Every structure is written in structure tokens, then in C-alpha cells.
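Below are the chains, spelled out letter by letter.
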Amino acid sequence: MIGRALYRLLAPFVLISTLAPAPCFANIALSVQPLVAEFKVPPGSTGRLQVIVSNEGTDPERVLARRTDWRTIADGSITLEKVGAEHSHSITRDLSLSSYQFALQPGEHRQLTLSLSMPADAKRVAASYWGGFIINATDANAPPSALGVAATVFIYNNVDTPTRNVTVQSMRVLSGHDDNKLVVRFRNTGTSYVRPVAHLIIGQAGRVVHDQKITISTVFPGAVRIMTQQLGQLSPGAYRVELSIDYGGNSIIDAVTNANIR
């Protein structure tokens, strides 16, 4: 059981977790590609792709792959869960790798086949499903209990064409001493996962004082996301704050609010 261990998302839709290495085994480095896999496999069919695991360290490594459920939560972080925790959305038990445990010498890589086999009798409606693997590497000479480094491979599968829709529920600017920030709450009201990209523009007296693109981590169907964006120092005065969110749907959301900075 993996439990509810919480990790911070380091890059959009990609989590690479560096676990605390055992003493004297510090030359461990792991590369996994791709870190995100997207399928469109209907019930009764199988999809495959190649995953390459490489030893980029200077010592021999012992590699172990294990299944995991996962999701992003309200603040954009990722939580790793036991298999099946995502209930009807989980495809983790339908996933397999051609090898789950092997050794790699320095500079060596292994090509694995990742397969998604959707059961023919699965009652999968048009929606998004997801699962994944944790791939862990430890020094080959370390005791079995030693921790090393790990990467996650996150897998999505869309059945048919799930709907995409995002609704902004609130947006406001919180003003404090040298700590102005934008807080936006939005909800994925569709049946597909979305990976939004936002464009933030702050204007004052007809001129743009802040222009920024923001990448937002995956938001699953029905989930709420609270996005907090630091704005830095803003001179006292009245501002117009506009946020456009492109979520891959039929339209782009445009939310506007006014802010008075004192």
C-alpha cells in the first residue's frame, strides 16, 4: 500500500520524486521517458508504447516498477494512492510493463513495453481514465530497505470523446505588504481531464503593468482547483485584472476583476 503520500508537482503533468538516498550510495541517477503517456483505447482493445529507463549515474542500479493510482488535488499538488483508489476512473489494474524488476549498469538503458488492455466487458462511458507506475532505482549493492531515486509514469486514457468544460467560480486579488497575489477558484465540470494554460494581464490607467502565461497542472473531472499566483509589488492604485483560461474546449474562459492596492 502506497498510502496518501503527498508530493509537490515539479513540472506540468510530470512528477519526478527524489527520495532520500542511503548513506554512501549517492551516485544514483535515473531517467525515464516518457513520463506522461496518453492513450485512446476502447473497451476490448489494447494499446502499447515504449518506455525507456536509463541509468545516468556512476554505479550499478537495481530498478523496481510498481503500480500506483494518483490524482492532483485542489492546490495542484499530486497525491500517490493505493491501486483502485480512483475507483471507476482507475485503469491501473489494466496496465502492465514487460519487466518490473531488473539491473542497469552505468550508462545502460532498458526499453520496456507499456500496455493498456481495456476489458471487453468494462462499462466505460465516454470519459477520462488514468493510472500509473512508480519506477524506483537504488544502488545495486545497497540493502533491500535502502531508498534511492524515483520517477513516475502517468497514464491517461480517453474513451470516445469526453466533454471538456471549465467554470470559474471566483477570482480576487489579495493585497498585503509586498505580498499581492491572485486567487482563482475554478472547477472542471466536464468528463475529460484538462490541462489549462492561463494568460494573466494586469492593467492600470490603460497600460499593461503585468503580462504572464501560467501553466496549470491536470484538473480531473469534477475536481476543484484553487490557483494562487504571486503578483509581487504593485504600486498603490486601481487595477483591472484579466485572466483567460484555455482548457482545450470549445471556448476560452475570460474572467475579470478589479483590485485596489493600498
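Only a predicted model underlies this, so the values are computations on that prediction, with no experimental measurement involved.

Colleague: Explanation requested: the layout of surface pockets in the structure shown.
Modeller: Each pocket or cavity is described by its volume, and for the second largest pocket that value is around 180 Å³. Taken together, 12 residues make up the lining of the second largest pocket; nearest its centre are Leu64, Asn136, Thr138, Pro144 and Ala146. Among the elements of the structure, strand 6 (61-72) and strand 11 (127-139) are those that each provide at least two residues to the lining of the second largest pocket. The greatest single-element share of the lining of the second largest pocket, amounting to 4 residues, is contributed by strand 6.

Colleague: How should I be thinking about the pattern of salt bridges in this particular structure?
Modeller: Any two side chains of opposite charge can pair if their charged atoms end up close together. In this structure the tally under the stated criterion is 3 salt bridges. As a salt-bridge pair, Arg240 and Glu242 come within 3.1 Å of each other at their nearest N and O atoms.

Colleague: Explanation requested: the packing of aromatic side chains in the structure shown.
Modeller: Each aromatic ring pair is summarised here by two numbers: the centre-to-centre distance and the angle between the ring planes. Per the counting criterion, the structure on display carries 7 aromatic pairs. Relative to Tyr156, the ring of Trp70 has its centre 5.8 Å away and its plane inclined at 75°; by these criteria the two rings are edge-to-face. Residue Trp70 is located in strand 6, and its partner Tyr156 is located in strand 12 (residues 149-159); the two are separated by 86 residues in the primary sequence. Each member of the pair, Trp70 as well as Tyr156, carries the same accessibility label: buried. With centroids separated by 3.8 Å and ring planes inclined at 15°, the aromatic side chains of Trp130 and Phe220 adopt a geometry described as stacked. A residue pair is termed long-range when its members are at least 10 positions apart, and Trp130 in strand 11 and Phe220 in the loop between strand 16 (207-215) and strand 17 (224-232) qualify at 90 residues. The buried category is assigned to Phe220, whose relative accessible area is 0%. Put simply, the rings of Trp70, Trp130, Phe154, Tyr156, Tyr193 and Phe220 touch in pairs and so form one group of aromatic residues.

Colleague: Looking at this structure, how should I read the pairing of strand 5 (residues 46-55)?
Modeller: Consecutive side chains of a regular strand alternate in pointing toward one face of the sheet and then the other. Summarising the sheet, strand 3 (residues 30-33) and strand 5 pair through 4 bridges and their orientation is antiparallel. Across the sheet, Gln33 pairs through a bridge with Ile52, a residue of strand 5. Pairing between strand 5 and strand 10 (residues 109-117): 9 bridges, direction antiparallel. If you follow Val51 over to strand 10, its bridge partner there is Leu112.

Colleague: How should I be thinking about the confidence of the model for the protein in this particular structure?
Modeller: One rule of thumb: low pLDDT means the predicted coordinates there are not for detailed reading. Scored by pLDDT, the protein has a mean of 88; 90% of the residues are at 70 or more. Every residue in residues 1-25 scores below 50 in pLDDT, and together they form 71 contacts with partners more than four places removed in sequence or on other chains.

Colleague: Before we go on, may I ask you to explain the pairing of strand 18 (residues 237-246) in this structure?
Modeller: Pairing between strand 15 (residues 197-204) and strand 18: 7 bridges, direction antiparallel. Across the sheet, Leu200 pairs through a bridge with Leu243, a residue of strand 18.

Colleague: Help me understand the sheet that holds strand 15, please; the structure alone is not making it clear to me.
Modeller: The strands making up a sheet associate through backbone hydrogen bonding, with each pair oriented either parallel or antiparallel. Taken in spatial order, the 4 strands of this open sheet run 16-15-18-19, and their pairing is antiparallel. The outermost strands of the open sheet, each flanked by one partner alone, are strand 16 and strand 19 (252-261). Across the sheet, the axes of successive neighbouring strands diverge by a mean angle of 15°, strand direction being ignored.

Colleague: Please explain the sheet that holds strand 14 (residues 180-188) as it appears in this structure.
Modeller: Strands sit in the order 13-14-17 across an open sheet of 3 strands; the sheet is antiparallel. Of all strands in the sheet, those bounded by a partner on one side alone are strand 13 (166-174) and strand 17. Neighbour-to-neighbour, the strand axes of this sheet turn through a mean angle of 15°, independent of strand direction. In the sheet, strand 14 pairs with strand 17 via 8 bridges, with the strands oriented antiparallel. Paired with Asn180 across the two strands is Gly232, which belongs to strand 17.

Colleague: Before we go on, may I ask you to explain the side chain of Thr92 in this structure?
Modeller: Residue placement: Thr92 occurs in the loop between strand 7 (78-81) and strand 8 (95-97). When residues no more than four places from it in sequence are discounted, the contact partners of Thr92 are Arg67, Thr68, Asp69, Val83, Trp130, Gly131 and Gly132.

Colleague: Explain the environment of Thr72 to me, please; I cannot follow it from the model alone.
Modeller: With respect to the element layout, Thr72 can be found in strand 6. Judged by its relative accessible area of 4%, Thr72 falls in the buried class. Separated by 63 residues in the primary sequence, Thr72 and Ile135 place their C-alpha atoms 19 Å from one another. Contacts of Thr72, omitting those with residues within four sequence positions, involve Ser77, Ile78, Ser217, Thr218, Val219, Phe220 and Arg225.

Analysis parameters
- Residues numbered from 1 in each chain as written.
- Predicted model: local features only at pLDDT ≥ 70, side-chain atom pairs only at ≥ 80, totals over all residues.
- Heavy atoms only, no water.
- 1 Å grid on protein atoms, 1.4 Å probe; cavity = no way out; pocket = protein on both sides within 12 Å on 5 of 7 lines; lining within 4 Å.
- Points joined across faces, edges and corners; volume = space filled by probe spheres on them.
- Helix = DSSP H or I, 4+ residues; strand = E, 2+ residues; numbered from the N terminus.
- Salt bridge = Lys/Arg side-chain N within 4 Å of Asp/Glu carboxyl O.
- Phe/Tyr/Trp six-rings, centres within 6.5 Å; stacked < 30°, edge-to-face > 60°.
- Buried < 20%, exposed > 50% of the residue type's maximum accessible area, 1.4 Å probe, protein only.
- Pairing = 2+ DSSP bridges.
- pLDDT = per-residue confidence, 0-100.
- Contact = heavy atoms within 4.5 Å.
- Axes fitted to C-alpha atoms, helices over the stretch in contact; angles between N-to-C directions.

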